[in-house]
Amino acid sequence: MRILLLALLVLPLAAAAQKISLVDRIVAVVNKDVITATELDDAVASAERQLRRQNTPLPERPQLERQMLERLIIDKAQLQLARDTGLRIDETQLDRAVQRVAQNNNMSLTDFRGALERDGVAYQAWREDLREQMLLNRLREREVDDKIQVSDSEIDLFLADLKTRPDTRVEYQVAHVLVRVPEQATPDRVEAARQRAQKALNEARFGADFAGVAASYSDAPDALQGGALGWRSHERLPELFAHALAGLQPGQVSDVLRSPAGFHILKLIDRRGAAIDGAPVEQTRMRHILIRANEAVSESEALRRLNDLRNRIVSGAADFAEMARVHSGDATAARGGELDWVYPGDTVPEFERAYRSLKIGEVSQPVRTPFGYHLIEVLERRSADMSPDRRRLQARQVLRERKSDEAYQDWLRQLRDQIYVELRLEER
């Protein structure tokens, strides 16, 4: 009887232990850390939700699992490096980032949290994911962007090259697939990557949705966004990409391209003319009122104040400059909120999009930027030539951007080669 009772007790415990081991099975070891089946399943579920929202065809489950596992491995390696070298995102920084995300979705924090939970996403888990993304961005800035150097001779060559091109430059709207190749890859490994890229190309050329192809095959960080690079001017693209795109028509897909990072496939979504080099550019003179959200002023209170100020200004009950002197929270307050003449690219994107949409004399709705909430009034616009110093500054920024993308992919590839990885996905 004692043996029978013991057996009856052990069997449920053994079943429970088996269940736990299945839920928490290790699918990969990354240096001193592990990736569990639960983490992978959560990442796949998140990817599937995102792809459905974008109406992108879902890859086969095994393909998506492998894509997300590789992404988890790269992210895990970066997070280990960030934490081992002292990078941190504190609670205050995270709170502000969460507020910005909610505001960018035109929601209060309460409404945004509810939307996440209706979508099956636990708020605290999402919050920690955001912290990790911020940490990865900080790491990229430190390890890649801050180390990029652009010499005066490179700027000279770049500006001289622009003069030899046709007057009208071209911008391309591009999507891509990257099949990454390790730095010390064997010939067999390189050939396997090439065949994978060729398979992706065949699917793209025979009618498959390119966003779905990117989600299935691409190792790039933007794979789940359909591989979209957005609009890029010729000089802001790697030479390999620019040369390939020049021979494509919108809707066409390039051949498989080889770079130090791996194999690439490009799709040209659209093409348009850009600014003519050397031609005058539009400058804008404006003024603004800034109210910062902080511990003393909540996001909702900042918005309430600005909406009240806007109503008084638009109705004629108050003067914009006077309201800026009294209420604005930056150094322009003493000048009635007035900014110097601004070139395109001088301000953060959110601010530029807002003022470029305004007519002269029009006052914007409250605009959210990383600095806080703004009211903007456009006072005047004019055409102006760029000074030689400003043109060199613009060239330096273009070259830094071009180098940054290539350097980041190369850095990721080297990091992936240096870490210890043991894959156990097939054991599931």
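What counts as what
Residues numbered from 1 in each chain as written. Predicted model: local features only at pLDDT ≥ 70, side-chain atom pairs only at ≥ 80, totals over all residues. Heavy atoms only, no water. Helix = DSSP H or I, 4+ residues; strand = E, 2+ residues; numbered from the N terminus. Buried < 20%, exposed > 50% of the residue type's maximum accessible area, 1.4 Å probe, protein only. Contact = heavy atoms within 4.5 Å. Areas by Shrake-Rupley, 256 points an atom, 1.4 Å probe, with all protein chains shown as cover. Lys, Arg positive; Asp, Glu negative; His and termini not counted. Charge placed at Lys NZ, Arg CZ, Asp CG, Glu CD. Pairing = 2+ DSSP bridges. Axes fitted to C-alpha atoms, helices over the stretch in contact; angles between N-to-C directions. Salt bridge = Lys/Arg side-chain N within 4 Å of Asp/Glu carboxyl O. 1 Å grid on protein atoms, 1.4 Å probe; cavity = no way out; pocket = protein on both sides within 12 Å on 5 of 7 lines; lining within 4 Å. Points joined across faces, edges and corners; volume = space filled by probe spheres on them. Nonpolar A, V, L, I, M, F, W, Y, C, P; charged D, E, K, R; others polar. pLDDT = per-residue confidence, 0-100.

### What to know about the overall build of the chain
Thinking step 1. The number of helices and strands found in the chain is 14 helices and ten strands.
Thinking step 2. Overall, the C-alpha framework of the chain stretches about 90 × 55 × 40 Å when taken along its three principal axes.
Thinking step 3. Counting the 428 residues in the chain, one finds 42% classified as buried.
Thinking step 4. Put simply, of all contacts in the chain between residues at least 6 apart along the chain, 71% involve residues at least 24 apart.
Thinking step 5. Of the roughly 23400 Å² of accessible surface on the chain, a fraction of 51% belongs to carbon and sulfur atoms.
Thinking step 6. On the chain, the mean spot of the 64 positive side-chain charges and the mean spot of the 68 negative ones are 1 Å from each other.

### Concerning the sheet that holds strand β10 (residues 421–423)
Thinking step 1. Judged by pairing direction, the sheet is antiparallel, and its three strands sit side by side in the order β2-β1-β10 without closing on themselves. Strands at the two margins of the open sheet, each flanked by one partner only, are β2 (33–36) and β10. The sheet shows a mean angle of 20° between the axes of neighbouring strands, taken without regard to direction.
Thinking step 2. Judged from the three bridges that link them, strand β1 (residues 26–30) and β10 form a sheet pairing that is antiparallel. Each bridged residue has a counterpart across the sheet, and for Val30 the counterpart in β10 is Val421.

### Here's the deal with the pattern of salt bridges
Side-chain pairing between opposite charges can occur once the charged atoms of the two side chains come close.
Thinking step 1. Overall, the coordinates contain 36 salt bridges when judged by the stated rule.
Thinking step 2. Between Arg131 and Glu91 there is a salt bridge whose closest N-O contact spans 2.5 Å. With Arg131 in helix α6 (residues 123–143) and Glu91 in helix α4 (residues 91–104), this pair connects stretches of sequence that are 40 residues apart.
Thinking step 3. Assessed through its relative accessible area of 14%, Arg131 is described here as buried.
Thinking step 4. For Glu154, the salt bridge is made with Lys403, and the minimal N-O distance between the two is 2.9 Å. Residue Glu154 is found in helix α7 (residues 152–163), and its partner Lys403 is found in helix α14 (residues 388–418); the two are separated by 249 residues along the sequence.

### Let's talk about empty space enclosed by the protein
Thinking step 1. Counted according to the given criterion, the structure contains one cavity of 30 Å³ or more.
Thinking step 2. Size it by volume and the largest cavity reaches roughly 30 Å³.
Thinking step 3. What lines the largest cavity is Gln67, Met68, Arg71, Ala215, Ser218, Ala223 and Leu224.
Thinking step 4. No other element matches helix α3 (residues 61–84), which puts three residues into the lining of the largest cavity.
Thinking step 5. Taken together, the residues of the lining of the largest cavity sort by class into four nonpolar, two polar and one charged.

### Some words on the environment of Gln67
Thinking step 1. Examined against the element boundaries, Gln67 turns out to sit in helix α3.
Thinking step 2. Considering only alpha carbons, one finds Gln67 and Ala220, 153 residues apart in sequence, at a separation of 9.9 Å.

### Things to note about the environment of Gly120
Thinking step 1. Turning to its location among the elements, Gly120 is positioned in the loop between α5 (109–118) and α6.
Thinking step 2. Separated by 71 residues in sequence, Gly120 and Arg49 place their C-alpha atoms 9.4 Å apart.

### Brief notes about the confidence of the model for the chain
Thinking step 1. Summarising the model, the chain shows a mean pLDDT of 84, and 91% of its residues fall at 70 or more.
Thinking step 2. Confidence over residues 1–22 falls short of pLDDT 50; this stretch has one contact with residues more than four positions distant or in other chains.

### What to know about the sheet that holds strand β8 (residues 367–369)
Note on sheets: strands pair through backbone hydrogen bonds, and any given pair is parallel or antiparallel.
Thinking step 1. Strand order in the open sheet formed by three strands is β7-β9-β8, and the pairing between neighbours is antiparallel. Looking at which strands have only one partner, the edges of the open sheet turn out to be β7 (281–291) and β8. Strand-to-strand twist of the sheet, defined as the mean angle between neighbouring strand axes without regard to direction, takes the value 50°.
Thinking step 2. Pairing analysis gives eleven bridges linking β7 to strand β9 (residues 372–384), with the strands arranged antiparallel. In the strand pairing of β9, Ile289 is matched with Leu375.
Thinking step 3. Lying over the sheet, helix α11 (residues 299–315) contacts β7, β8 and β9, oriented at roughly 50° with respect to β9.
Thinking step 4. Across the sheet, helix α13 (residues 349–356) lies against β7, β8 and β9, angled at about 60° from β9, the strand it touches most.

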